[in-house]
Amino acid sequence: MIVIGESIHIISRQVRAALEKRDKAFVQDLALRQVESGAHWLDLNIGPQKKTGVETMTWLVNIIQGVTDVPLVLDTTNVGAIEAGLKACNKPALINSTDATLERLNALMPLAAKYNANIIALSLGSGGLPSTVDSRLALVLERILPAATQYNVLSERIFLDPLVLTVNGNQEQAMQAVEATRYFKQVCEPSPMTVCGLSNISNGAPEEIRPLINRVFLTMMLGAGLDSAIMNCL
């Protein structure tokens, strides 16, 4: 399984402050600690960053590549910042992410093709999160895979995400995500990759049992064919 370290995330006060101050040492240390703890890829979540996204993502990619050669995951809604990060990456990156709306697909699939990048595709349409396996599959078959074909993005470069919801809010959706992952591996040949945001499953649960919930759910997802997880590897 590909472990994607989630800790360089602007939602963290320390990370946000480091990005604002351009604190190179803090970010590099956080990157290295994740790699030492088993991360194969590193997620760089800078948030929307509408004004300074291009500069921020370029700086972040460059300083992390200065201390490690693991592939990077470019995580922002700012399309310009995604492309800036792709230009700066020494290795094919993972775009995080497109959804199944035409606006996002038409903006990001061409970038995946142009830069030979991988791309996470969320099973999420304009109507919000589908509640069933079938509705998730419909978005993959009717929107995501046709867009990938249109822009010549290979199926094995697509990371399908069933969108994991907190078990604290809706336990039934946990199994919907597991089953969706199982079917995602069967939608085409070669099979697409699969990914999930693992920490989502335990959001809102008591802190002392979150690691247990995460481990149990990860085991279930791996049994269904999960290839990668964005997770706290520290």
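In this report, the structure presented in the accompanying data block is examined.

Basis of the calculations
- Sequence order sets the numbering: in each chain, residues are counted from 1 along the sequence as written.
- Totals for whole chains, interfaces and linings use all residues, but because this is a predicted model, local features are given only for residues with pLDDT of at least 70 and pairs of side-chain atoms are given and counted only at 80 or more.
- The side-chain quantities take in all heavy atoms of the structure and omit both hydrogens and water.
- Counting from the N terminus, the helices are DSSP H or I runs at least four residues long and the strands are E runs at least two residues long.
- For a compact globule the rule gives 2.2 Å times the number of residues to the power 0.38, and the radius of gyration it is set against comes from C-alpha atoms.
- Buried, partly exposed and exposed residues are distinguished by accessible area as a fraction of the type maximum, computed with a 1.4 Å probe on protein chains only: under 20%, between the cut-offs, and over 50%, respectively.
- Throughout, a contact is declared for two residues whenever any of their heavy atoms are within 4.5 Å.
- Accessible surface is estimated by sampling points in the Shrake-Rupley manner with a 1.4 Å probe; for residues, cover comes only from the protein chains shown.
- Asp and Glu are treated as the negative residues and Lys and Arg as the positive ones, with His and the ends of the chain left uncounted.
- The atoms used to mark charge sites are NZ of Lys, CZ of Arg, CG of Asp and CD of Glu.
- Two rings from Phe, Tyr or Trp (for Trp, the six-membered ring) form a pair when their centres are within 6.5 Å of each other. A pair whose planes differ by under 30 degrees is stacked, one over 60 is edge-to-face, and the rest are tilted.
- The criterion is that NZ of a Lys, or CZ of an Arg, lies within 6 Å of the ring centre and within 35 degrees of the ring normal, and then a charge sits over that ring.
- Counted as salt bridges are all cases of a side-chain nitrogen of Lys or Arg within 4 Å of a carboxyl oxygen of Asp or Glu.
- One less than the number of residues in a helix, times 1.5 Å, gives the span that helix is expected to have.
- The directions considered for the arc are those from the helix axis to the C-beta atoms.
- Only strands joined by at least two bridges in the DSSP assignment are considered to pair.

1. Notes on the overall build of the chain
And then number 1: Within the chain, the secondary structure is distributed over 8 helices and 8 strands.
And then number 2: The globule rule puts the C-alpha radius of gyration for 234 residues at 17 Å, and the 17 Å found for the chain is close to it.
And then number 3: With the C-alpha coordinates of the chain rotated into their principal frame, the extents come out at 45 × 45 × 30 Å.
And then number 4: Relative to its 234 residues, the chain shows a buried fraction of 53%.
And then number 5: Relative to all contacts within the chain whose residues are 6 or more apart in sequence, the contacts with residues 24 or more apart total 72%.
And then number 6: Within the structure as shown, the chain displays about 10,700 Å² of accessible surface, and the carbon and sulfur contribution to it stands at 52%.
And then number 7: Put simply, the chain has 19 plus and 22 minus side-chain charges, and the middle of one group is 6 Å from the middle of the other.

2. Re the packing of aromatic side chains
And then number 1: Going through the model one piece at a time under the given rule, you end up with 1 aromatic pair.
And then number 2: Considering the side-chain rings of W41 and F159, the 6.2 Å spacing of their centres and the 50° angle between planes classify their relative orientation as tilted. Here W41, found in strand 2 (residues 41–45), pairs with F159, found in strand 6 (residues 158–161); they are 118 residues apart in sequence, far enough to count as distant. An identical accessibility class is assigned to W41 and F159; each is buried.
And then number 3: The cationic tip of R22 hangs over the ring face of W59; the distance from NZ or CZ to the ring centre is 5.1 Å.

3. Some words on the pattern of salt bridges
And then number 1: In the structure shown here, the tally under the stated rule is 6 salt bridges.
And then number 2: In this structure, the salt-bridge partner of R22 is E55, at a minimum N-O distance of 3.5 Å. Placement of R22 in the loop between helix 1 (13–21) and helix 2 (24–36) and of E55 in helix 3 (residues 53–65) is noted, with a sequence separation of 33 residues between them.
And then number 3: For E55, a relative accessible area of 51% corresponds to the exposed category.
And then number 4: Ionic pairing is found between D227 and K185, a salt bridge with its closest N-O pair at 2.7 Å. Of this pair, D227 sits in the loop between helix 8 (210–223) and strand 8 (228–231) while K185 is found in the loop between helix 7 (171–184) and strand 7 (193–197), placing the two residues 42 residues apart along the sequence.

4. Focus: helix 2
And then number 1: The terminal C-alpha atoms of helix 2 lie 18 Å apart, and with 13 residues this matches the ideal 18 Å at 1.5 Å per residue to within 8%.
And then number 2: Along helix 2, the residues that are buried comprise V27, Q28, L30, A31 and Q34. Projected down its long axis, helix 2 shows its buried positions confined to an angular sector of 160°, all on one face. What points out from helix 2, more than 90 degrees from its buried face, is the exposed set A25 and E36.
And then number 3: For helix 2, the elements touching its buried residues are strand 1 (2–9), helix 1, strand 2 and helix 3.
And then number 4: A positive phi of about 115° marks G38, the residue just after helix 2.

5. Section: the pairing of strand 1
And then number 1: Counting buried positions along strand 1 gives 6 out of 8 residues, so the element sits mostly inside the fold.
And then number 2: Pairing of strand 1 with strand 8 involves 4 bridges; the strand directions are parallel. When the sheet's bridge partners are listed, G5 is paired in strand 8 with M231.

6. With respect to the environment of I201
And then number 1: Positionally, I201 belongs in the loop between strand 7 and helix 8.
And then number 2: Placed 38 residues apart in sequence, I201 and L163 show a C-alpha to C-alpha distance of 9.7 Å.
And then number 3: Not counting chain neighbours up to four residues away, the residues in contact with I201 comprise V164, L165, T166, V167, N168, A174, I213, N214 and F217.

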